[in-house]
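Examining the three-dimensional arrangement
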Amino acid sequence: MVENIIIVESATKIFKKSTVLNNVTVSFEKGKIHGIIGRNGSGKTVLFKCICGFMPLTSGSISVSGKVIGKQIDIPKDIGIIIEAPGFISTYSGYKNLKLLASIQKKIRSEEIKQSIRRVGLEPESKKWVGKYSLGMKQRLGIAQAIMEKPEILILDEPMNGLDNKGVEEMRQLLLELKQEGKTILLASHNSEDICHLCDTVHEMDTGIIKTIRLTK
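Below or above, wherever it landed, is the structure these notes cover. Model, not experiment: these values are computed from the prediction.

Observations concerning helix α2 (residues 94-105)
Looking only at α2, the buried set comprises Gly 94, Tyr 95, Asn 97, Leu 98 and Ala 102. Burial along α2 is one-sided: seen end-on, the buried residues are contained in an arc of 160 degrees. Contacts made by the buried residues of α2 are with α3 (110-119) and α4 (135-147).

Details of the sheet that holds strand β2 (residues 18-29)
The sheet built from four strands is open, its strands ordered β2-β1-β4-β5 with antiparallel pairing. At either end of the open sheet lies a strand with only one pairing partner, and these are β2 and β5 (67-68). Judged from the five bridges that link them, strand β1 (residues 4-15) and strand β4 (residues 59-64) form a sheet pairing that is antiparallel. Its bridge partner lying in β4, Ile 6 is registered against Val 64.

Section: the sheet that holds strand β3 (residues 33-37)
With mixed pairing, six strands are arranged side by side in an open sheet as β6-β7-β8-β3-β9-β10. What marks the edges here is a single partner per strand, and that holds for β6 (79-82) and β10 (209-214). Adjacent strand axes in the sheet meet at a mean angle of 15 degrees when their direction is disregarded. Strand direction decides the pairing type here: β6 and strand β7 (residues 153-157), joined by four bridges, are parallel. In the sheet register, Ile 81 faces β7, and the bridge partner there is Ile 155. Sheet contacts for α4: β6 and β7; angle to β6, the most-contacted strand, approximately 165 degrees.

Quick notes on the pairing of strand β9 (residues 201-206)
Put simply, side chains in a regular strand alternate between the two faces of the sheet. For β3 and β9, the ladder comprises four bridges, and the chain directions are parallel. Considered in β9, the bridge of Ile 36 is made with His 203. Relative to β10, β9 runs antiparallel, the two sharing five bridges. Considered in β10, the bridge of His 203 is made with Thr 212. If you look at the hairpin formed by β9 and β10, you'll find two residues sitting between the two strands, and Thr 207 has a positive phi there, around 50 degrees.

Things to note about α4
One full turn of an α-helix is made of 3.6 residues, so residues set three or four places apart face in the same direction. Relative to the 18 Å expected for 13 residues at 1.5 Å per residue, α4 spans 19 Å between its end C-alpha atoms, a close match to the ideal helical length. When α4 is considered as a whole, its buried residues turn out to be Gly 136, Gln 139, Arg 140, Leu 141, Gly 142, Ile 143, Ala 144, Ala 146 and Ile 147. In this structure, the buried residues of α4 make contact with β6, α2, α3, β7 and α5 (165-180).

Some details on the pairing of β4
In terms of strand pairing, β4 meets β5 through two bridges, oriented antiparallel. Of the residues in β5, the one forming a bridge with Val 64 is Lys 67. Two successive antiparallel strands, β4 and β5, enclose a turn made up of two residues, where Ser 65 displays a positive phi of approximately 55 degrees.

Overview of the pattern of salt bridges
Going through the model one piece at a time under the given rule, you end up with 14 salt bridges. For Glu 177, the salt bridge identified is with Arg 119, shortest N-O distance 3.6 Å. Here Glu 177 is found in helix α5, whereas its partner Arg 119 is found in helix α3, with 58 residues between them in sequence. Glu 177 sits in the partly exposed class, given a relative accessible area of 32%. Accessibility expressed as a relative area gives 32% for Arg 119, which makes it partly exposed.

Quick word on the packing of aromatic side chains
The final tally for this structure, using the stated rule, is zero aromatic pairs. Positioned over the ring face of Tyr 95 is Lys 114, at 5.6 Å from the centre of the ring.

Notes on the side chain of Ser 42
Its location among the elements puts Ser 42 in the loop between β3 and α1 (44-51). Classification of Ser 42 by relative accessible area gives buried; the value is 4%. Polar contacts involving the side chain of Ser 42 include one to the main-chain carbonyl oxygen of Arg 39, which spans 2.8 Å. In contact with Ser 42, not counting residues within four places along its chain, are Val 20, Met 205, Asp 206, Thr 207 and Gly 208.

Scoring rules and cut-offs
- Residues numbered from 1 in each chain as written.
- Predicted model: local features only at pLDDT ≥ 70, side-chain atom pairs only at ≥ 80, totals over all residues.
- Heavy atoms only, no water.
- Buried < 20%, exposed > 50% of the residue type's maximum accessible area, 1.4 Å probe, protein only.
- Helix = DSSP H or I, 4+ residues; strand = E, 2+ residues; numbered from the N terminus.
- Arc of directions from axis to C-beta.
- Contact = heavy atoms within 4.5 Å.
- Pairing = 2+ DSSP bridges.
- Axes fitted to C-alpha atoms, helices over the stretch in contact; angles between N-to-C directions.
- Expected span 1.5 Å × (residues − 1).
- Salt bridge = Lys/Arg side-chain N within 4 Å of Asp/Glu carboxyl O.
- Phe/Tyr/Trp six-rings, centres within 6.5 Å; stacked < 30°, edge-to-face > 60°.
- Lys NZ or Arg CZ within 6 Å of the ring centre and 35° of its normal.
- Polar contact = N/O pair within 3.5 Å; in protein donor to acceptor, adjacent residues only side chain to side chain.

See below:
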């Protein structure tokens, strides 16, 4: 039986006189990778922010794991996020940054943080400040932050930004491993290879309207 873990119904978001989401209805099945494509300004990032509870809808509804955002819950708890460039304290190491973030919910211990850092190809024992990281290293650390508390859902907006070819291949493999672990992943990418190789379903956004291009591989 199909279980839709995220359900978006007639979602509309208007900023002043600009309609950024236009009556969007779409659902995302649990345990799959769902691709969202579209040009800059098409509404992808706004949709992600609304799913995460960061932005209220003008009308319509979004439910995550059976809970309606803004009514039953404000922000989904079991969700890992990369939206826009990850922000870290530049004078802290990668590990120290993630340890500080993990202390907010106190769900995981030091070894789990280190495991997540290793999983993205970084060294948790490194004392190097994040301010001295390359763009690709910062992106890897952002992915480690998104996965470290083992969320059931990952919302990833251009997670391959700044990565070299080797890094892209490693992160693609990581996403496929996470899918095998039962995670549900929403992935926005400008890279058609990411979408082709990774995604079970593909949806295109254009001027706030969504349409399904592919339902299964």
